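# A look at the structure
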Amino acid sequence: DTGVSQNPRHKITKRGQNVTFRCDPISEHNRLYWYRQTLGQGPEFLTYFQNEAQLEKSRLLSDRFSAERPKGSFSTLEIQRTEQGDSAMYLCASGTEYNSPLHFGNGTRLTVT
Amino acid sequence: DAKTTQPPSMDCAEGRAANLPCNHSTISGNEYVYWYRQIHSQGPQYIIHGLKNNETNEMASLIITEDRKSSTLILPHATLRDTAVYYCIVRVFSGNTGKLIFGQGTTLQVKP
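We now turn to the structure provided with this report. (Residues numbered from 1 in each chain as written. Chains lettered and ligands numbered in written order. Predicted model: local features only at pLDDT ≥ 70, side-chain atom pairs only at ≥ 80, totals over all residues. Heavy atoms only, no water.)

## Some points on the pairing of strand β3 (residues 19-24) of chain A
Residues and elements named next belong to chain A. In β3, alternate side chains face the same way, and those of V19, F21 and C23 are buried while those of T20, R22 and D24 on the opposite face are not. Of the pairings in the sheet, the one linking strand β1 (residues 5-7) to β3 comprises three bridges and is antiparallel in character. Each bridged residue has a counterpart across the sheet, and for Q6 the counterpart in β3 is C23. Direction of pairing for β3 relative to strand β8 (residues 75-79): antiparallel, over a ladder of five bridges. Of the residues in β8, the one forming a bridge with R22 is T76. (Buried < 20%, exposed > 50% of the residue type's maximum accessible area, 1.4 Å probe, protein only. Helix = DSSP H or I, 4+ residues; strand = E, 2+ residues; numbered from the N terminus. Pairing = 2+ DSSP bridges.)

Following this line, the structure appears as structure tokens:
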């Protein structure tokens, strides 16, 4: 069990560029969640996958955001045409059965200049 | 929206017990109370969860009132490394998502 891995840890990009983050969940965890956290706030839910199916998306997930989990293992979160307001920590979490604890990665910190 | 209320900050002396309160007066009968903590620049770390019985593990104890409208997380012997933001969360299972909805949490400062 190597924990949830997120890459890169930091990303600096210019406004208007596209960025992609990767999350590798704990092996055999079928549930995968993406969250966003801004300074001084708690994490906010973005989207949820069960295996490869994206079952819930928050209204925070604008049409510039897209997430995939093609084979039910790793997941990617892409932000197109980044804006300064996208600057945040993007967190990934994974879990197994109903009511098992979720395990979080250490996030990708995005800075849009 | 978060379904819990926590004090924004608390202090605790090193070596003493830290008691972190949480109100969740609208909790439903089948909803669990979860506690996570977050140390600066890291992802949230799971601490403990419970339904209605008190729970204890190697990190902490969770005391849930009989009416389930509030709970207390107890760190029995706080250390400087326990300084963190602590989140009390009522876990939502509607639609089988099981997502965690975070509030603002309590910033616990453990002092020497």
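Having seen it, we continue.
## A few points about the sheet that holds strand β5 (residues 55-56) of chain B
Residues and elements named next belong to chain B. Sheet architecture is open: four strands sit in the order β2-β7-β6-β5, paired in antiparallel fashion. Strands at the two margins of the open sheet, each flanked by one partner only, are β2 (18-23) and β5. In this structure, strand β6 (residues 61-64) lies alongside strand β7 (residues 70-75), joined through four bridges in antiparallel fashion. Counterpart to I64 in the pairing with β7 is S71.

## Brief notes about the interface of chain B and chain A
Taken together, the contact between chain B and chain A spans 21 residues of the former and 22 residues of the latter. The junction of chain B with chain A conceals about 1,900 Å² of combined surface from both sides, 45% of it contributed by carbon and sulfur atoms. Applying the counting rule to chain B against chain A returns one salt bridge. Residue assignment for the side of chain B that touches chain A shows that the elements contributing at least two residues are β3 (33-38) and β4 (45-50) of chain B. If one sorts the elements of the side of chain B that touches chain A by residue count, β3(B) sits on top with three residues. (Contact = heavy atoms within 4.5 Å. Buried area = accessible area lost by both parts, 1.4 Å probe. Salt bridge = Lys/Arg side-chain N within 4 Å of Asp/Glu carboxyl O.)

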